[in-house]
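Commentary on secondary and tertiary structure
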4 protein chains.
Amino acid sequence: MTDTKIAVDVIAAENDKRAAALKDDYEALGNQLARRNIDINAVTAKVAEFFVAVPSWGVGTGGTRFARFPGEGEPRGIFDKLDDCAVINHLTRATPNVSLHIPWDKQDPKRLKAHADALGLGFDAMNSNTFSDAPGQSRSYKYGSLSHTDAATRQQAIEHNIECIEIGKAIGSKALTVWVGDGSNFPGQSNFTRSFERYLAGMADIYKALPDDWRIFSEHKMYEPAFYSSVVQDWGTNYLIANTLGEKAFCLVDLGHHAPNTNIEMIVARLIQFGKLGGFHFNDSKYGDDDLDAGSIEPYRLFLVFNELVDAEHRGVKGFHPAHMIDQSHNVTDPIESLISSANEIRRAYAQALLVDRAALDGYQQDNDALMATDTLKRAYRTDVEPVLARARQLAGGAIDPVATYRASGYRSHVAAERPASVGGSGGIV
Amino acid sequence: MTDTKIAVDVIAAENDKRAAALKDDYEALGNQLARRNIDINAVTAKVAEFFVAVPSWGVGTGGTRFARFPGEGEPRGIFDKLDDCAVINHLTRATPNVSLHIPWDKQDPKRLKAHADALGLGFDAMNSNTFSDAPGQSRSYKYGSLSHTDAATRQQAIEHNIECIEIGKAIGSKALTVWVGDGSNFPGQSNFTRSFERYLAGMADIYKALPDDWRIFSEHKMYEPAFYSSVVQDWGTNYLIANTLGEKAFCLVDLGHHAPNTNIEMIVARLIQFGKLGGFHFNDSKYGDDDLDAGSIEPYRLFLVFNELVDAEHRGVKGFHPAHMIDQSHNVTDPIESLISSANEIRRAYAQALLVDRAALDGYQQDNDALMATDTLKRAYRTDVEPVLARARQLAGGAIDPVATYRASGYRSHVAAERPASVGGSGGIV
Amino acid sequence: MTDTKIAVDVIAAENDKRAAALKDDYEALGNQLARRNIDINAVTAKVAEFFVAVPSWGVGTGGTRFARFPGEGEPRGIFDKLDDCAVINHLTRATPNVSLHIPWDKQDPKRLKAHADALGLGFDAMNSNTFSDAPGQSRSYKYGSLSHTDAATRQQAIEHNIECIEIGKAIGSKALTVWVGDGSNFPGQSNFTRSFERYLAGMADIYKALPDDWRIFSEHKMYEPAFYSSVVQDWGTNYLIANTLGEKAFCLVDLGHHAPNTNIEMIVARLIQFGKLGGFHFNDSKYGDDDLDAGSIEPYRLFLVFNELVDAEHRGVKGFHPAHMIDQSHNVTDPIESLISSANEIRRAYAQALLVDRAALDGYQQDNDALMATDTLKRAYRTDVEPVLARARQLAGGAIDPVATYRASGYRSHVAAERPASVGGSGGIV
Amino acid sequence: MTDTKIAVDVIAAENDKRAAALKDDYEALGNQLARRNIDINAVTAKVAEFFVAVPSWGVGTGGTRFARFPGEGEPRGIFDKLDDCAVINHLTRATPNVSLHIPWDKQDPKRLKAHADALGLGFDAMNSNTFSDAPGQSRSYKYGSLSHTDAATRQQAIEHNIECIEIGKAIGSKALTVWVGDGSNFPGQSNFTRSFERYLAGMADIYKALPDDWRIFSEHKMYEPAFYSSVVQDWGTNYLIANTLGEKAFCLVDLGHHAPNTNIEMIVARLIQFGKLGGFHFNDSKYGDDDLDAGSIEPYRLFLVFNELVDAEHRGVKGFHPAHMIDQSHNVTDPIESLISSANEIRRAYAQALLVDRAALDGYQQDNDALMATDTLKRAYRTDVEPVLARARQLAGGAIDPVATYRASGYRSHVAAERPASVGGSGGIV
């Protein structure tokens, strides 16, 4: 990390306050894990190698259709956003890559690359946007993009996606994420079959433009912004897309995009089994696509998702390397703090999943010993792995307590002074 | 109606095209209803007296947190909005009152009243807004309004609501609707009990400012904009509010503000039974607070709600006069057309509910003849009452086919020429 | 129909009472449809050719895990059940086929065939049962059947399904429906991937035993009897099954087996598009797999499903012949009446879907005229097609009002005298 | 405990194996908590005084409407059930009271009391049953009980509840829990208002029979066994009941009886605030009233409920003593093991809630520091309190690892030899 935004000595000073307690807790946990035949250092090493990408749009304050209440020091553009992302990575050592959103982050690729390089950051999947109209755009996406009934509008959307690939190639990205808001608000508004045929044809054109070492991720979502039907409404449709397109096409799972009560970890398992899990947009939700911080509402669900990922590794699934990305909207917190916290929670779920005694679990499953099988998961889950997470950060040069260290650094007030106040607004309603 | 926006001769010409067919259909239906011992003209007369208020904000194109795609001829302010509302009423003769939203519609009350008078319009319930920050507002509602932890912010919200009452008094309104977005996005963010105590204290202050002949409506909503908890989350809490405040306080039921699978008509029945049904915000939804056109997704549900209202009349419930208001967001249609259509659907559900043979129903209920009881409702519901609705409009000077007549009038292109293009936007997300 | 259970003169006498009114209503509707360029007789003819199978288990009174409250004259076995089914068909002329459930209906196939022949009935899809233990069964399905960890249990389940095929071949069935309750109640209880691999292997063995002119239908269900995960939990998994097995394998859609808020008609469209829609288990539901009478809760949803079926015909989809079956549980009604009513409602939805002006709809969809597109569906839906349904029954020798005629026939009291009282019970709980 | 079913030396031997590790873990946790200014022994002492009642029906294997798969050694009646309950308490020292269900557990009260006394057990709330028909009952509850249209049926239900009170008085119970399945399966089947009026009148009669030192708990449930409407469908209606009846009437919250996505902890807070929280039926669920083991699906939700209870203590709410009961259905586990595990999980949530730094939380809430507020809860929640739970059991004479000790005791095989095999069944369906 070359151009750090948090002074090294702040981290050192904050870590000093907490090092002794961490040492105690780490040793105590190590002893307990040793009794369970687990080497804590091996777990810490695996955790240290686990990374999750942050979304460039996540460092700005989000909002709802009712209002957006900006915070202080909102980033003015992609370069400010990269600066904020670097802070997150600097403190957590868990988020070395940033996922860009075009056109919001559109800039000279060379400048993007240079700025990121200087911050020690790389680029994860590119994200296209055909769910809103960019200023000056010739055709509107009001009635759809890749599935629009008008060929010229579809072509515009296709070309936009190809442009995203081009920018991505220039900055070192290796994947394109396509989420469309296409759908309908009324029964009869669109023909389900014809819409999906048009969508598939458009995606096939984009797929053709994909470099050999790239992947394309399609993302499903039950509803919003369309409120009666969505073209890519669930994982079933998403699988059909990936399967139709080809071997570079995969499904992206956003944890908040499902029907109520859906067993998401099972969808993850199915996609792994059929070779089509592309990766994740991590977040949490209670009602709809709430885009809350990962692990904040149902932390056990997040663990169960990671349990499938670690199980797949355990079973030796070939070619298994899902992309891990955060996709959240931070309406009432400092976005940097929420992303720090979320990265930690994601690593926490991963660490807990690593602690599952898989040989024992296999045996209980084989014997239909439901109680001991589920207790095997719970035993791993209820282990307080914070010392492992903290130690992994500490060893990599990050902060033992990243949020406290961030607050001690004064970064937010520093950028608040630099960056002019952002304007709020009343969102999608007039 | 003095200053009509749709030329009288357009209506006459359009009605002429459809009068003969309507006569035939009305007679055929009249014959069928006569066999069921129902006087069609009595039904038509009741329908003609049924009115529903339109929301001033409903005539603009809505949006989501992802985007807003404006239409042509968007109203530039409340006076344009009133003009648009007048068109709806002129064609349907079902929507003589408009519900204002402050501060969006804040103008000199005398001018408001004069403009409405000239259009033959009146004013329904006033709506306050403490879910977004108005420009120049001293305290932010980012963390709540009436339930905010800061007393000055709460006071600001109280005063805003009292101001709404003052404006309402000047223009002839008789009710205040209070919907707050207060809540939390994270477990622990707010203390449920203390938040609700603060909310109740604030509402008590507003209640004190309520004229004797006014009613105050509190509105519950499960989630959005708050995604973990909402202070007024359901009808249970809403009942507690109305019961705590006093006899002028009532609960407002928005059809889209409930948990999945909720039996809304039963909530309506309970509130009627305990004397606290204030009225409705009509709309329809499939997933969340989708704010779709009334009756567009689950028309039978709308009928079942009206079945409760007609049943209450039938049982002679005292002091029963719920307020009927539309609250929708029109993202992909011409808002005027959606409001015309919604007013018709609401009247349709009412007309169908009037056709229920209540004596027979009572008997089947008493005998636990579930099949015939439900068939009694279905028999009324499946009656095509369009001739009744059309006849009621025709007799009152409106259009037999209001949407077709609206299109024939050229109103939209006329105002599109007058009113400059509105700016879209990317909604609540950055 | 040779051995009718309802005296022909009862039908004639009841029809006589209603013939004149039907004539009037049919003519009035015919006139209205003629104005819409629809030939009512053509619609009636199509409706008369539309059939839906009734489930043998549907003529008994159902129950919940809490209790079962039997009715009078409960069928004592499959021969009584066939008698009851014949009554339904005799009155509605809509249900000539019965779907059997093995082992509940296991009897000498020759006797089954002869009894059905005498009643003018045929047999629809066979249903296997591996969700409960039959008396004397060597292995228990407590922990699963086709996906069980124990090979012998899986083999038993496979052989049971093959036996169902054998019985079906002997009685003229052409399809096997496989619904398993396999799943888990606790996270970790079963390995999602291994369970599904075992299921697929078992289904492949059954598939091999399938005659060339048969189809196999797999049925998905979100939950119940398994409450954490189900092996065939949704249409995505169901599609993977059908696609893995081969061209004789198709997906069955039960309207009550989906997550809350799911757009079922869209799933129907997707399965048609990818050649895997096998057919339906019709019923209705508000909360879970409530198994209520078709069209009783959300009649518009049933219409929208049929709109997809008629649209597929309209688009000329090849090899499209979905199976139509009812699957309901009648807890508080006379099961015969509920099945009569449901068959009518299913035909009603079909008739309404036939009335959709598809040319106009195509145009509105192409132009993104959402309001007129949805109104085109609503216009068809709100047409009261009861005269069409009644006329189709009358012409085929059935009853104009089948429930009233059934009541007039005294069938229930007649069988109540013959058949001893059934024992209730407290269901699945102790 | 006088007549123990698990040999004391089994517990001692099993505890010996685990005592050293527990000592280490307890000390390590104690050190960590000391750094957080928490005295671990004080927490352990509070946990040791926290009890939860087990349901007599919970020790039998449950089932669904599809099937019931009995286990070995099923209890033959209430005396066997009490024996099984004693085992649970003996190992956990957390469940000294049993909640009876009449008529299932109806026996001479003196014998009940003597048997329980000998086992060191007491009796918690009595449960009436008007959701199924007992053999020989004169009126059926097929169409309802307390809300039935027939006065004699209502009277029978009232008298049954009064009988439950009488039995309860004789055995030392102090509360009656009333859950009715009353409702409807079809729109129109019952009149919502009249049904509820009848229900309230019946409850008022029962209330009159309630001794001064008793409480009556009404329990709400969204659906099942009624699938369109339930008379006591949600907490709003439940509150109206308790408020109408009087100061001895309270609301019971079953965690699985709510609409999808409901914020249950908020309902708990509201009921506390308005003085009407009676207590809980603990269990867990993913879809509906799944009756799974407490904490098995969403353990964080269980913690958040306990957070409200501890918060109420912290705020010094007067007269606050909710009843804690388990209500689960154990379909695939040994019921004794599930109840042991559930009692532990409930204590776990309580222990975690005790660890919340409430002064810090208050401050963060006051400052709208959402991130730190939620982290304050998470910090408590992620603490592995198993050493506290185990130590509390150990000190009270129970087992450090109760499930392992139970298995080591051979209790199940012992009773399997004594008790004849129970018959399974196909549940509510035919």
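Residues numbered from 1 in each chain as written. Chains lettered and ligands numbered in written order. Predicted model: local features only at pLDDT ≥ 70, side-chain atom pairs only at ≥ 80, totals over all residues. Heavy atoms only, no water.

Here we look at the overall build of chain A
From N to C terminus, chain A includes 15 helices and 11 strands. At 22 Å, chain A has a C-alpha radius of gyration in line with the 22 Å of a compact globule built from 430 residues. For chain A, buried positions account for 69% of its 430 residues. A sequence separation of at least 24 residues applies to 79% of the contacts in chain A between residues at least 6 apart. For chain A, the accessible area works out to roughly 13,200 Å², and carbon and sulfur atoms hold 50% of it. If you average the places of the 44 positive and of the 56 negative side-chain charges in chain A, the two averages end up 2 Å apart. (Helix = DSSP H or I, 4+ residues; strand = E, 2+ residues; numbered from the N terminus. Rg over C-alpha atoms; globule rule 2.2 N^0.38 Å. Buried < 20%, exposed > 50% of the residue type's maximum accessible area, 1.4 Å probe, protein only. Contact = heavy atoms within 4.5 Å. Areas by Shrake-Rupley, 256 points an atom, 1.4 Å probe, with all protein chains shown as cover. Lys, Arg positive; Asp, Glu negative; His and termini not counted. Charge placed at Lys NZ, Arg CZ, Asp CG, Glu CD.)

Brief notes about the interface of chain A and chain C
With 54 residues of chain A in contact, the opposing surface of chain C contributes 54 residues. Both sides of the chain A and chain C interface together cover about 4,800 Å² of buried area, and 56% of this is carbon and sulfur. Here chain A and chain C share 2 salt bridges between them. A salt bridge links Asp 362 of chain A to Arg 194 of chain C; the shortest N-O distance between them is 3.4 Å. For the pair chain A and chain C, the number of links is 26 residue pairs in polar contact (both at pLDDT 80 or more). If you list the elements that add at least two residues to the side of chain A that touches chain C, you get helix H6 (192–208), strand S8 (229–230), helix H7 (235–245), helix H8 (264–273), helix H9 (299–314), helix H11 (358–366) and helix H12 (370–381) of chain A. Looking at the side of chain A that touches chain C residue by residue, the classes come out as 24 nonpolar, 21 polar and 9 charged. (Buried area = accessible area lost by both parts, 1.4 Å probe. Salt bridge = Lys/Arg side-chain N within 4 Å of Asp/Glu carboxyl O. Polar contact = N/O pair within 3.5 Å; in protein donor to acceptor, adjacent residues only side chain to side chain. Nonpolar A, V, L, I, M, F, W, Y, C, P; charged D, E, K, R; others polar.)

Some points on the sheet that holds strand S1 (residues 54–55) of chain D
Residues and elements named next belong to chain D. What the 3 strands build is an open sheet, ordered S1-S2-S3; its pairing is parallel. Edge positions in the open sheet fall to S1 and strand S3 (122–123), since each of these has one partner strand only. Pairing of S1 with strand S2 (residues 97–99), which is carried by 2 bridges, proceeds in the parallel orientation. Each bridged residue has a counterpart across the sheet, and for Pro 55 the counterpart in S2 is Ser 99. (Pairing = 2+ DSSP bridges.)

Overview of the UniProt feature "domain: Xylose isomerase-like TIM barrel" (unreviewed entry) in chain A
UniProt's entry tags residues 100–290 of chain A with the feature "domain: Xylose isomerase-like TIM barrel" (unreviewed entry), counted in the numbering of this structure. Structurally, residues 100–290 of chain A comprises 37% helix and 15% strand, and the distance from its first C-alpha atom to its last is 21 Å. (UniProt positions renumbered as here; feature names shortened; annotations may be inferred.)

Digging into unusual backbone geometry
The step from Ile 102 of chain A to Pro 103 of chain A runs through a cis peptide bond, and the omega angle for that step is 15 degrees. Take Pro 103 of chain A: it is sitting in the loop between strand S2 (97–99) and helix H4 (109–119). A cis amide bond, omega 10 degrees, links Glu 224 of chain B with the succeeding residue Pro 225 of chain B. By the secondary structure assignment, Pro 225 of chain B is in the loop between strand S7 (215–219) and strand S8 (229–230). Positive phi, close to 55 degrees, is recorded for Arg 93 of chain A, a residue that is not glycine. Inspection of the secondary structure assignment puts Arg 93 of chain A in the loop between helix H3 (78–92) and S2. Even without being glycine, Asn 368 of chain B reaches a positive phi, approximately 55 degrees. The residue Asn 368 of chain B is located in the loop between helix H11 (358–366) and helix H12 (370–381) in this model. Under the relative-accessibility criterion, Asn 368 of chain B is labelled buried at 13%.

Description of the packing of helix H5 (residues 151–171) of chain C against helix H6 (residues 192–208) of chain C
Residue and element names in this part refer to chain C. Packing of H5 against H6 brings their axes to within 9 Å, and their N-to-C directions diverge by 35 degrees. Regarding H5 and H6, the two cross each other, and that crossing is right-handed. Along the contact surface, H5 presents Arg 154, Ile 158, Asn 161, Ile 162 and Ile 165, while H6 presents Arg 198, Gly 202, Asp 205 and Ile 206. (Axes fitted to C-alpha atoms, helices over the stretch in contact; angles between N-to-C directions. Left-handed = near helix turned anticlockwise from the far one by under 90°.)

Overview of the relation of the copies chain A and chain C
The operation relating chain A to chain C is a screw motion whose rotation component is 180 degrees, with 0.0 Å of axial translation and a residual RMSD of 0.0 Å. Expressed as an axis order, the relation between the two copies is that of a two-fold axis. No C-alpha of chain A approaches the rotation axis more nearly than that of Gly 236 of chain A, which lies at 1.9 Å. Counting the interface residues of chain A, we find that 100% of their copies in chain C are interface residues as well, pointing to one common contact surface. (Least-squares fit on C-alpha atoms with pLDDT ≥ 70 in both.)

Comments concerning the interface of chain B and chain D
Contacts between the two partners involve 55 residues from chain B and, on the opposite side, 55 residues from chain D. The interface formed by chain B and chain D contains 2 salt bridges. At the boundary of chain B and chain D, one finds 26 residue pairs in polar contact (both at pLDDT 80 or more). Ranked by residue count, the leading element in the side of chain B that touches chain D is helix H7 (residues 235–245) of chain B, at 7 residues.

Considerations on the relation of the copies chain B and chain D
With an RMSD of 0.0 Å, the operation that places chain B on chain D is a rotation of 180 degrees combined with a shift of 0.0 Å along the axis. The share of interface residues of chain B whose copies in chain D are also at the interface is 100%, consistent with both copies meeting through the same surface.

Topic: the pattern of salt bridges
Inspection of the entire model under this criterion finds 152 salt bridges over all chains. Among the salt bridges present, the one from Arg 18 of chain B reaches Asp 401 of chain B, with a minimum N-O distance of 3.8 Å. Taken together, the residues Arg 18 of chain B in helix H1 (residues 8–35) and Asp 401 of chain B in the loop between helix H13 (386–395) and helix H14 (402–409) connect sequence positions 383 residues apart. Linking Asp 311 of chain B and Arg 358 of chain B is a salt bridge whose minimum nitrogen-to-oxygen distance equals 4.0 Å. You can see Asp 311 of chain B sitting in helix H9 (residues 299–314) and its partner Arg 358 of chain B sitting in helix H11, a full 47 residues away along the chain. This pair shows no difference in class: Asp 311 of chain B is buried, exactly as Arg 358 of chain B is. Residues participating in the shared-partner salt-bridge network are Glu 345, Arg 348, Glu 386 and Arg 393 of chain A together with Asp 375, Lys 378, Arg 379 and Arg 382 of chain D.

A word on the sheet that holds strand S1 (residues 54–55) of chain B
Overall, parallel pairing links the 3 strands, which are arranged S1-S2-S3 (chain B) in an open sheet. For this open sheet the edge positions go to S1 and strand S3 (122–123) of chain B, each flanked by a neighbour on one side alone.

Brief notes about the environment of Ser 285 of chain C
Residues and elements named next belong to chain C. Its place among the elements puts Ser 285 in the loop between strand S10 (277–282) and helix H9 (299–314). When the C-alpha positions of Ser 285 and Leu 22 are compared, they lie 31 Å apart, and in sequence the two are 263 residues distant. Ser 285 has contacts with Leu 255, Gly 256, Asp 290, Ile 297 and Arg 301, leaving out every residue within four places of it along the chain.

Topic: the packing of H9 of chain A against helix H10 (residues 335–354) of chain A
Residues and elements named next belong to chain A. Where H9 contacts H10, the two axes come as close as 8 Å, and the packing angle between them is 55 degrees. Between H9 and H10, the crossing angle belongs to the class labelled oblique. Helix-helix and strand crossings are classified by hand; for H9 and H10 the assignment is right-handed. Within the contact between the two elements, H9 uses Leu 302, Phe 303, Phe 306, Asn 307, Val 310 and Glu 313 and H10 uses Glu 345, Ile 346, Ala 349, Tyr 350, Gln 352, Ala 353 and Leu 354. In the contact of H9 with H10, the residues fall into 9 nonpolar, 2 polar and 2 charged. (Parallel < 35°, antiparallel > 145°, perpendicular 65-115°, else oblique.)

Comments concerning the side chain of Ser 338 of chain B
For Ser 338 of chain B, the position within the fold is in helix H10 (residues 335–354). Overall, Ser 338 of chain B belongs to the buried group, its relative accessible area being 0%. Looking at Ser 338 of chain B, its side chain comes within polar contact range of the side chain of Thr 333 of chain B, at 2.6 Å. With residues near it in sequence (within four places) discarded, Ser 338 of chain B still touches Phe 186 of chain A, Asp 293, Gln 328, His 330 and Thr 333 of chain B together with Leu 371 of chain C.

Observations concerning the packing of aromatic side chains
Applying the stated criterion across every chain yields a total of 80 aromatic pairs over all chains. Geometrically, the ring pair formed by Phe 66 of chain A and Phe 131 of chain B is edge-to-face, given 5.7 Å between the ring centres and 80 degrees between the ring planes. Here the residue Phe 66 of chain A occupies a position in the loop between strand S1 (54–55) and H3, and Phe 131 of chain B occupies one in the loop between strand S4 (126–127) and helix H5 (151–171), the pair thus bridging two chains. A centroid spacing of 6.1 Å and a plane angle of 80 degrees characterise the contact between Trp 104 of chain B and Phe 131 of chain B, whose relative ring orientation is edge-to-face. One end of the pair, Trp 104 of chain B, is in the loop between strand S2 (97–99) and helix H4 (109–119); the other, Phe 131 of chain B, is in the loop between S4 and H5, with 27 residues separating them in the sequence. (Phe/Tyr/Trp six-rings, centres within 6.5 Å; stacked < 30°, edge-to-face > 60°.)

Some points on the pairing of strand S9 (residues 249–254) of chain A
Moving residue by residue along a regular strand, the side chains alternate between the two faces of the sheet. Residue and element names in this part refer to chain A. Within S9, 6 of the 6 residues are buried, which leaves the element mostly enclosed by the surrounding structure. Every second residue of S9 is oriented toward a common face, with Ala 249, Cys 251 and Val 253 on one face and Phe 250, Leu 252 and Asp 254 on the other, all of them buried. Note that strand S7 (residues 215–219) and S9 share 4 bridges and pair parallel. Bridged to Ser 218 within S9 is Cys 251. Where S9 and strand S10 (residues 277–282) come together, 4 bridges link them in parallel fashion. By the bridge assignment for S10, Val 253 is matched with Phe 280.

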